[in-house]
Amino acid sequence: MRTVTTTPFGARPVTACLMENQARGRAPAQISSVDKYQVLNAVGLIARDLGLSDRNIAVLQVLLSFHPDRDLKDGAAMVVFASNASLSERAHGMPESTLRRHLSALVQAGLILRHDSPNGKRYARRGAGGQITRAFGFDLTPLLTRAPEILERANIEIARREQIKALREEVSLMLRDASKLIEYALHSGIETNLDEVDDRTRLARQVLRRKLSYHQLREMRDQMEILINDIHARLGTQITTDPEAENTVDIYVKTETKTAKLSGNPAQNERHYQRSDKDILDKKVPDLGMVLTSCPDVTAYFGRPVRDWSDYLYAICSVAPMVGIDAQNWAKACQSMGPENAAATVAVLVQKISEIANPGAYFRTLAQKAGEGDFSPLPLLTALARKAA
């Protein structure tokens, strides 16, 4: 079937863009056929590059639904001559004015061509055998002739989206690492100024909520790598391989018992000196085996086996918030009674959780007493050990 017209009906003018699109649409097809829905999906992937919206693509899908075959074939009739009323009905009642606007966008993008009749109506003439000899409407031929280009651009877009997805996932994991390390430092009572890196982490999380380009995500990943290295440097952590599991990396944090600063008030100094023996006794690290035996319930919340106090402290930091102990009170407790005693106290609270109305408030009270030299978890551990035996 020969194309008899390429100029638009009525007041619509011939433009350079129109002529260029017609030339591309009438170029010899490089392939003999293509699945029309494969091309539709590909067009959807690169719609933004083509200057098209989702509604434009929806109208293109309606046009393709009027094409009787699954494939667009070279040499076959590919003119859709359905009326605006029929197109609107199949487009779920889209107003005809809106429909015309979307059809114009598809023509402008060079995905379809107009073949207007003398009176602007869309219809087909048939021969004696019923075959279409001439049709006026929207020609789908450009989808066939441009199919290789469209499919190639769609594959590039798929690869780009996968790269962005992988980068976003990587940055998200790095953000989690940064947040968890800061949280660990606060819960462990480590005296280091992490306010600035915490602010940087929060800002990065807000930025990640936006729709970022590949280059923006790469830059963000590099910044997060610097941030995490900065946090490790401040915490004094080192990455070592778990000797009991191949290809596994664990973080071991060196925990030091911190000496409380004494006030310049002579009377206060004298009071500290008078009960220094009791302070030493209170902050003495309890036996880990005794803690594990006396308080077995807390280990159900641990994500990995406990080999030493470093492992126990790491695990207990995630349990403390579960019983209402916030980061500030945990840090104060670590300073007043030592990290190990604070961890043992949390284990005791978990073991006796059914007997305590407000574990968070109770822990605060015990930490305050420990700071005054009036509390040690050892008697509670001893009582629980006797009960377990």
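Predicted model only: the values in this text are computed from it and were never measured.

Caption draft 1: View of unusual backbone geometry. The phi dihedral of H92 falls on the positive side, at around 60 degrees, and the residue is not glycine. Within the secondary structure, H92 sits in the loop between helix 4 (84–90) and helix 5 (96–108). For H92, a relative accessible area of 79% gives the class exposed.

Caption draft 2: Summary view of the packing of aromatic side chains. According to the stated counting rule, one finds 3 aromatic pairs in the structure shown. Each ring, one from F302 and one from Y312, has its centre 5.3 Å from the other, and the planes form 85 degrees; the classification is edge-to-face. Of the two residues, F302 is situated in the loop between helix 12 (288–294) and helix 13 (309–319) and Y312 in helix 13; the sequence distance between them amounts to 10 residues. A single burial state applies to F302 and to Y312, both of which are buried. Among the aromatic residues, those joined into a ring-pair cluster are F302, W309 and Y312. The ring of F66 has R90 sitting right over it, with the charged end atom 3.8 Å from the ring centre.

Caption draft 3: Representation of the side chain of N56 in the model. Among the structural elements, N56 can be located in helix 3 (residues 54–65). Note on N56: relative accessible area 6%, which makes it buried. Not counting the four nearest positions on each side in its chain, N56 is found in contact with G51, H102, A105 and L106.

Caption draft 4: Inspection of the packing of helix 14 (residues 327–337) against helix 16 (residues 359–371) at higher detail. For the pair helix 14 and helix 16, the least separation of the axes is 8 Å and the interaxial angle reads 30 degrees. One way to sum up the angle between helix 14 and helix 16 is to call them roughly parallel. Between helix 14 and helix 16 the crossing geometry is left-handed. For the pair formed by helix 14 and helix 16, the contact residues are N329, W330, A333, S336 and M337 on the first element and F363, R364, L366, A367, A370 and G371 on the second. Of the residues contributing to the contact of helix 14 with helix 16, the split by class is 7 nonpolar, 3 polar and 1 charged.

Caption draft 5: Quick peek at the side chain of K36. Topologically, K36 is positioned in helix 2 (residues 36–45). Of the side chains with opposite charge, D69 comes closest to the buried, unpaired K36, at an N-O distance of 7.6 Å. Dropping the residues within four chain positions of it, K36 is found in contact with L64, H67, D69, R70, D71 and L72.

Caption draft 6: Looking closely at helix 15 (residues 339–351). Between its terminal C-alpha atoms helix 15 stretches 18 Å, which fits the 18 Å expected from 13 residues at 1.5 Å a residue. With 12 of its 13 residues buried, helix 15 lies for the most part within the structure. Three or more residues of helix 15 are buried, namely P339, E340, N341, A342, A343, A344, T345, V346, A347, V348, L349 and V350.

Caption draft 7: Focus on helix 16. For helix 16, spanning 13 residues, the distance from its first C-alpha to its last is 18 Å, which sits close to the expected 18 Å at 1.5 Å a residue. When we look at burial in helix 16, the residues that qualify are P359, G360, F363, L366, A367 and A370. Down the axis of helix 16, the sector holding all buried residues measures 120 degrees, keeping them to one side. Buried-residue contacts for helix 16 involve helix 14 and helix 15. Among the residues trailing helix 16, G373 stands out with phi positive, at a value near 80 degrees.

Caption draft 8: Here's a closer look at the confidence of the model for the protein. Put simply, the protein has an average pLDDT of 78, and 76% of its residues get 70 or more. Within the model, the stretch residues 238–282 combines pLDDT values under 50 with 58 contacts to residues more than four positions away or in other chains.

Caption draft 9: Focus on the environment of V346. Position of V346 among the secondary structure elements: in helix 15. As for V346 and P377, which are separated by 31 residues in sequence, their C-alpha atoms are 9.5 Å apart. Residues contacting V346, with those up to four places away along its chain left out, are I316, V319, A320, I325, W330 and F363.

Caption draft 10: Summary view of the pattern of salt bridges. Summed over the entire model, instances satisfying the criterion amount to 12 salt bridges. A salt bridge links D35 to R70; the shortest N-O distance between them is 2.9 Å. Taken together, the residues D35 in strand 1 (residues 33–35) and R70 in the loop between helix 3 and strand 2 (71–73) connect sequence positions 35 residues apart. Residue R307 pairs with D311 through a salt bridge whose shortest N-O separation is 3.6 Å. Relative accessible area serves as the criterion here: at 2%, D311 is assigned to the buried category. Counted as one network, the salt bridges with shared partners bring together R146, E149 and R153.

Cut-offs used in this document
Residues numbered from 1 in each chain as written. Predicted model: local features only at pLDDT ≥ 70, side-chain atom pairs only at ≥ 80, totals over all residues. Heavy atoms only, no water. Helix = DSSP H or I, 4+ residues; strand = E, 2+ residues; numbered from the N terminus. Buried < 20%, exposed > 50% of the residue type's maximum accessible area, 1.4 Å probe, protein only. Phe/Tyr/Trp six-rings, centres within 6.5 Å; stacked < 30°, edge-to-face > 60°. Lys NZ or Arg CZ within 6 Å of the ring centre and 35° of its normal. Contact = heavy atoms within 4.5 Å. Axes fitted to C-alpha atoms, helices over the stretch in contact; angles between N-to-C directions. Parallel < 35°, antiparallel > 145°, perpendicular 65-115°, else oblique. Left-handed = near helix turned anticlockwise from the far one by under 90°. Nonpolar A, V, L, I, M, F, W, Y, C, P; charged D, E, K, R; others polar. Lys, Arg positive; Asp, Glu negative; His and termini not counted. Salt bridge = Lys/Arg side-chain N within 4 Å of Asp/Glu carboxyl O. Expected span 1.5 Å × (residues − 1). Arc of directions from axis to C-beta. pLDDT = per-residue confidence, 0-100.

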